[in-house]
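In case you want the letters, here they are:
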Amino acid sequence: MNRTVTAALAALAVAAPMAALAPAAVADDMSGHKEMTFHADLDPFKVNKVDGYGEATVHLKDRQVKVMIKADGLLAGAPHAQHFHIAAKGVCPPDSAATKHNGKRALSTVDGQPFYGMIGASLTTTGDTSPASALAVDRFPTGDTYTYERSFTVSEDTAASLRAGTAVVVVHGIDYNGNGKYDNVLGPSQLDPKLPLEATAPALCGTLNQTPQGSVHGGLGGTQTGGVNTTAAGVGGALVLASGGAYVLRRRASRES
């Protein structure tokens, strides 16, 4: 082996470890900035007498998200709070996590928190999207069927949870006793005693898992389509306080099996 070949091999031996480390360093530097797309199948909580379904897609770049949610089989005419839940196990709770509420076994938002965590973002149709808007019933989609699209900025913690695979989409609002309205059959909500638990209990849930890189069509403003109510403005008019403290709403349309 001549001196030229020997020198070249020695140089390669020195450079190889550096080359091997370079991609890892670049990947680590870019991990918080690369674009990622996530998908979740939203399954119903049978223990809450829900037979609906849905799906969610989220495109993330830095802290900017584009969100699309399609939901069907929910309580007609009712506002349905929906959120990113973060910082826990990143899974939907099993029906066995349900506890007794007003003497009836059901799953409340609090029952599910050890599994899907706290609220990271409120998926409102307009305005604020922080956890402070968790119960902004006049700014959430309404109806038994809807499509939601919106782009906005999430917190660092929420973005990190999305990237870590521990972000969960939860859609709330159930009709436990099938009477077509939110009432006090399960007692008051643990989140706000002025609301019935039916209005805040989880209906649909799904963990956001990473998918091949792609994009989600969505504008900077929030929209809702589908069902009878097609705009966010219809939410306020759909919620009427009855004399018995119940929210009088149209009965949920049954979904074809």
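Residues numbered from 1 in each chain as written. Predicted model: local features only at pLDDT ≥ 70, side-chain atom pairs only at ≥ 80, totals over all residues. Heavy atoms only, no water.

**Considering the overall build of the protein**
Each helix and strand counted, the protein has five helices and 15 strands in total. With 257 residues in all, the protein has 46% of them scored as buried. A separation of at least 24 residues holds for 73% of the contacts in the protein among residues at least 6 apart in sequence. For the protein, the computed accessible surface area is about 12000 Å², with 57% contributed by carbon and sulfur atoms. (Helix = DSSP H or I, 4+ residues; strand = E, 2+ residues; numbered from the N terminus. Buried < 20%, exposed > 50% of the residue type's maximum accessible area, 1.4 Å probe, protein only. Contact = heavy atoms within 4.5 Å. Areas by Shrake-Rupley, 256 points an atom, 1.4 Å probe, with all protein chains shown as cover.)

**Here we look at empty space enclosed by the protein**
Summed over all chains, the structure comprises two cavities of 30 Å³ or more. Of the pockets and cavities examined, the second largest cavity occupies roughly 40 Å³. Every residue lining the second largest cavity is listed: S108, T109, V110, S189, Q190, L191, L197, T200 and A201. At the level of secondary structure, the elements contributing two or more residues to the lining of the second largest cavity comprise α2 (109-116) and α4 (197-200). Per-class residue counts for the lining of the second largest cavity are four nonpolar, five polar and no charged. (1 Å grid on protein atoms, 1.4 Å probe; cavity = no way out; pocket = protein on both sides within 12 Å on 5 of 7 lines; lining within 4 Å. Points joined across faces, edges and corners; volume = space filled by probe spheres on them. Nonpolar A, V, L, I, M, F, W, Y, C, P; charged D, E, K, R; others polar.)

**What to know about a nonpolar patch on the surface**
Residues V110, L135 and L191 make up a contiguous nonpolar surface patch of about 190 Å² in total accessible area. The topology assignment puts V110 in helix α2. (Patch = residues over 30% accessible without salt bridge, like charges linked within 9 Å, V, L, I, M, F, W, Y side chains within 5 Å. Salt bridge = Lys/Arg side-chain N within 4 Å of Asp/Glu carboxyl O.)

**Some remarks on helix α3 (residues 156-164)**
Listed in full, the buried residues belonging to α3 are T158, A159, S161 and L162. Take α3 and look down its axis: the buried residues cluster within an arc of 160°, on one side only. Away from its buried face, by an angle of more than 90 degrees, α3 presents the exposed residues E156, D157 and A164. G165 occupies a position one or two residues after α3 and carries a positive phi of about 80°. (Arc of directions from axis to C-beta.)

**Digging into the pattern of salt bridges**
Across all of its chains, the model carries two salt bridges by this definition. Between K61 and E35 there is a salt bridge, with its nearest N and O atoms 3.8 Å apart. Of the two residues, K61 sits in strand β2 (residues 53-61) while E35 sits in the loop between α1 (3-30) and β1 (36-44), which places them 26 residues apart along the sequence. With relative accessibility at 30%, the residue E35 sits in the partly exposed group.

**A word on the confidence of the model for the protein**
Confidence in the prediction for the protein averages 80 pLDDT; 70% of positions are at 70 or higher. In this model residues 227-257 is a low-confidence stretch, pLDDT under 50, and it forms 72 contacts with partners more than four residues away in sequence or in other chains. (pLDDT = per-residue confidence, 0-100.)

**Notes on the pairing of β2**
Every other side chain in a regular strand lies on the same face of the sheet, so the side chains alternate between the two faces. Across seven bridges, β1 lies against β2 in antiparallel orientation. By the bridge assignment for β2, D41 is matched with E55. In this sheet, strand β3 (residues 64-72) lies alongside β2 in antiparallel orientation, the contact comprising nine bridges. Looking at β3, one finds that L60 is bridged to V65. The loop that links β2 with its antiparallel partner β3 comprises two residues; one of these, D62, has a positive phi angle of about 55°. (Pairing = 2+ DSSP bridges.)

**Examining the state of the cysteines**
Within the structure shown, the criterion is met by one disulfide. With a sulfur-sulfur separation of 2.0 Å, C92 is cross-linked through a disulfide to C205. Residues C92 and C205 are joined through a disulfide that is left-handed, its torsion about the S-S bond being -95°. Pair noted here: C92 is in the loop between β4 (82-86) and β5 (99-101) and C205 is in strand β11 (residues 202-207), with a separation of 113 residues, a long-range link. (Disulfide = S-S within 2.5 Å.)

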